[in-house]
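Okay, here's what each chain looks like letter by letter:
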Amino acid sequence: TIVTKTRPDLSINYTAYPTAREFHSSDAFVRVIEGPIGSGKSSATWMELFRRACDEWPDADGVRSSMHLCVRDTYAMLKETTLADFKSWFGKIAEVVMDSPIRARVTMPLPDGTTLDWNLRFLSMDGGDKSLNALRGMQISAAYVNEGHSIPKEVYEVIATRVGRYRPAGRDPKWKGIISDSNYGYQGCYLHQMYMNPPDTWAFFEQPPAAIWNPMSNKWELNPHCDNLNHLPGGLDYYAKLLKMSNEF
């Protein structure tokens, strides 16, 4: 997608792998994409937020405005990973303010003559009740929970009460809901509990594993059909090096 006619050098090149395509096609209220390290989960979630922002209802002036909340467990991880991933995709066209909470905004013309006004808030949940109280006061269109396995149940529940409240077009947002990404292997967390018994409003999208345990050979074997290999340094060799770590890892 060329993001502006006046700056053709600012372009976003994104290819959705099969699991991500299913994720993008879903309208479930809560959507979770799960997979191994390096599988492109975060890229899929950022593209989903951007796509939905561009498709929001326009107001009387032709402005498609949305307010998306981005949540992470700690402030350090919020800044070093969540915000860093956002900047890697949209840093050239976004205004970022390092305030409390961190704010970002993307404004640009769209091909149909309307204007995108994409607003984001980045919030960490390591402040206990203070963080929850900050959530309770937010009016947002939708939310992205980064590394969803690290976020407790009460945060998901509070977020669910805040989405759909940002209504600049004078009507409910075209899309309201929660998206999340997560690695595998975190049994016992809230996300895993929902995975084991998902409500009708939840949908999980599982990427192919990067390696599969072979009980016959008693070792891990690489999976050449996993997602995102073209964007990993060395392709499948990226995972081959990780397999030299301990079995617990």
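Shown above is the structure to which this text applies.
Nothing here was measured: the structure is a model prediction, and the numbers come from that model. (Residues numbered from 1 in each chain as written. Predicted model: local features only at pLDDT ≥ 70, side-chain atom pairs only at ≥ 80, totals over all residues. Heavy atoms only, no water.)

**Student:** Honestly, the environment of Ser131 in this entry has me stumped. Any pointers?
**Tutor:** In this fold, Ser131 is placed in helix H4 (residues 129-136). For the pair Ser131 and Val155, spaced 24 residues apart in sequence, the C-alpha separation works out to 9.1 Å. Setting aside anything within four residues of it in sequence, one finds Ser131 in contact with Leu123, Ser124, Met125 and Asp126. Side-chain polar atoms of Ser131 contact the backbone oxygen of Ser124, separated by 3.3 Å. Polar contacts involving the side chain of Ser131 include one to the main-chain amide nitrogen of Gly127, which spans 2.9 Å. (Helix = DSSP H or I, 4+ residues; strand = E, 2+ residues; numbered from the N terminus. Contact = heavy atoms within 4.5 Å. Polar contact = N/O pair within 3.5 Å; in protein donor to acceptor, adjacent residues only side chain to side chain.)

**Student:** Help me understand the pairing of strand E3 (residues 94-97) in this model?
**Tutor:** Put simply, side chains in a regular strand alternate between the two faces of the sheet. As paired elements, E3 and strand E4 (residues 102-109) share 4 bridges and run antiparallel to each other. Each residue of the ladder has a partner; that of Val97, found in E4, is Arg103. (Pairing = 2+ DSSP bridges.)

**Student:** How do you make sense of helix H1 (residues 18-25) when you look at a structure like this?
**Tutor:** Think of an α-helix as turning once every 3.6 residues; residues three or four places apart then point the same way. Within the sequence span of H1, burial applies to Thr19, Ala20, Phe23 and His24. Take H1 and look down its axis: the buried residues cluster within an arc of 135 degrees, on one side only. Pointing more than 90 degrees away from the buried face of H1 are the exposed residues Glu22 and Ser25. Buried positions along H1 lie against strand E1 (30-35), helix H2 (41-54), strand E7 (178-183) and strand E8 (202-206). (Buried < 20%, exposed > 50% of the residue type's maximum accessible area, 1.4 Å probe, protein only. Arc of directions from axis to C-beta.)

**Student:** Honestly, unusual backbone geometry in this entry has me stumped. Any pointers?
**Tutor:** Trans peptide bonds make up the majority, and among non-glycine residues the majority have a negative phi. Geometrically, the link from Ser100 to Pro101 is a cis peptide bond, its omega value of 0 degrees lying close to zero. Located in the positive-phi region is Asn218, a residue other than glycine, with phi close to 60 degrees. Tracing the backbone through its elements, the reader meets Asn218 in the loop between strand E9 (211-214) and strand E10 (219-222). A positive phi angle is found at Asn228, which is not glycine, with a value near 75 degrees. Here Asn228 falls in the buried class, since its relative accessible area comes to 12%.

**Student:** Can you walk me through the packing of aromatic side chains in this structure?
**Tutor:** Each aromatic ring pair is described using two quantities: the centre-to-centre distance and the angle formed by the ring planes. Tallied over the entire structure, the rule returns 18 aromatic pairs. With 5.3 Å between their ring centres and 55 degrees between their planes, Trp46 and Phe86 make a pair best called tilted. Of this pair, Trp46 sits in helix H2 while Phe86 sits in helix H3 (residues 75-90), placing them 40 residues apart in sequence. In terms of burial, Trp46 and Phe86 fall into one category: buried. Seen in terms of ring centroids, Trp202 and Phe204 are 6.0 Å apart; in terms of plane orientation they differ by 25 degrees. Their pairing is stacked. Per residue, the accessibility class of Trp202 equals that of Phe204, and both read buried. (Phe/Tyr/Trp six-rings, centres within 6.5 Å; stacked < 30°, edge-to-face > 60°.)

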